[in-house]
Amino acid sequence: MSENTITFVTGNANKLKEVIAILSTSESQNGTSKVGKYSITNKSLDLDEVQGTIEEVTINKAKAAAKILDGPVLVEDTCLGFEAFNNLPGPYIKWFVKSIGLSGLVDMLYKFENKGANAICTFGYCEGPDAEVKLFQGITKGNIVDSRGPTDFGWDSVFEPEGFDQTYAEMDKKTKNTISHRFRALDKLRDFLTSQ
Ligand SMILES: O=P(O)(O)OP(=O)(O)OP(=O)(O)OC[C@H]1O[C@@H](n2cnc3c(O)ncnc32)[C@H](O)[C@@H]1O
Ligand SMILES: [Mg+2]
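How each quantity is defined
- Residues numbered from 1 in each chain as written.
- Chains lettered and ligands numbered in written order.
- Predicted model: local features only at pLDDT ≥ 70, side-chain atom pairs only at ≥ 80, totals over all residues.
- Heavy atoms only, no water.
- Buried < 20%, exposed > 50% of the residue type's maximum accessible area, 1.4 Å probe, protein only.
- Helix = DSSP H or I, 4+ residues; strand = E, 2+ residues; numbered from the N terminus.
- Pairing = 2+ DSSP bridges.
- Near = heavy atom within 4 Å.
- Polar contact = N/O pair within 3.5 Å; in protein donor to acceptor, adjacent residues only side chain to side chain.
- Areas by Shrake-Rupley, 256 points an atom, 1.4 Å probe, with all protein chains shown as cover.
- Nonpolar A, V, L, I, M, F, W, Y, C, P; charged D, E, K, R; others polar.
- Core = buried A, V, L, I, M, F, W, Y, C linked by side-chain atoms within 4.5 Å.
- Contact = heavy atoms within 4.5 Å.

Peer 1: With reference to specific residues and values, describe the pairing of strand 1 (residues 5-10).
Peer 2: For strand 1, the tally of buried residues reaches 6 of 6 residues, placing the bulk of the element in the interior. Side chains Thr5, Thr7 and Val9 of strand 1 all project onto a buried face; the interleaved residues Ile6, Phe8 and Thr10 project onto the opposite face, where all are buried too. By the bridge criterion, 6 bridges tie strand 1 to strand 3 (residues 38-44) in an arrangement that is parallel. Paired with Thr5 across the strands is Ser39, a residue of strand 3.

Peer 1: Describe the site of ligand 1, and please don't skip the residues or the numbers.
Peer 2: Surveying the vicinity of ligand 1 reveals 20 residues, the closest of which are Thr10, Gly11, Lys61, Lys94 and Asp156. Here an oxygen atom of ligand 1 sits 2.8 Å away from a polar atom, N or O, in the side chain of Lys15. A distance of 3.0 Å separates an oxygen atom of ligand 1 from a polar atom in the side chain of Glu49. Summarising the interface, the protein chains cover 94% of the accessible area of ligand 1, which totals 610 Å² for the free molecule. Mapped onto the shell around ligand 1, the elements with two or more residues apiece are helix 1 (13-23), strand 4 (73-82), helix 3 (93-108) and helix 5 (181-194). When residues of the shell around ligand 1 are assigned to their parent elements, the largest contribution, 3 residues, is made by strand 4. Split by residue class, the shell around ligand 1 holds 3 nonpolar, 6 polar and 11 charged.

Peer 1: So what about the nonpolar core? Which residues, and what values?
Peer 2: Within the largest apolar cluster, 19 residues are counted, with the highest numbers of intra-cluster contacts made by Ile40, Leu74, Phe123, Tyr125 and Leu193. Only strand 1, helix 1, strand 3, strand 6 (116-126) and helix 5 provide two or more residues apiece to this core. Element by element, the count of residues in this core is highest for helix 5, at 5 residues. When near neighbours in sequence (up to four residues on either side) are disregarded, Tyr125 contacts Ile6, Tyr38, Val73, Leu74, Glu132, Val133, Lys134, Phe136, Leu189, Phe192 and Leu193. Counting 16 residues, the second-largest nonpolar core is a separate cluster that includes Leu102, Ala119, Phe159 and Met171.

And the structure:
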């Protein structure tokens, strides 16, 4: 593998699809994206996640991936935080969705007038097992609403981004991919990689 190849490590096929779509250019082929001098390829691995802040979780994931693959890696951790809960569940949103479901998330806020939520995406880039992890974060604000639209990607159907009357799940993918937390984080990562 060339030294300019970065492996995006995720166990989530929907994340991967969005990353490829957002980074796609005429030079991308077969799931490999070109950003500046770098080629971004991918590997499906479910990395252990420690408890902590989103930054700590992402740094740990990146270090674990760089150790396993012994080379440049990119990982991503996605949070959904409720304003009424001081931004929890945050990095633990996956376990909340798994254990209480989407209607459970909506019910958590039933006592609160403030339905505000932040979708936060943090990419961690690490050049190798002994390198520092660089973070690139994107945030999209929105509200938690009753589920509308397909439920095949995480909490997409209960998150209505500010300024829109559709949930992420109801939007066409192109629209989501120009306003999403993931798009905003990748924009920063792209700036960094193209300046290298
Ligand atoms: O292997 P990794 O990359 O960690 O993939 P994951 O599915 O474990 O992902 P996270 O640890 O980042 O957990 C984030 C949770 O939020 C969900 N999620 C991530 N991005 C999302 C998005 O854009 N819209 C809706 N749900 C999303 C995802 O399905 C998880 O349940
Ligand atoms: Mg995960």
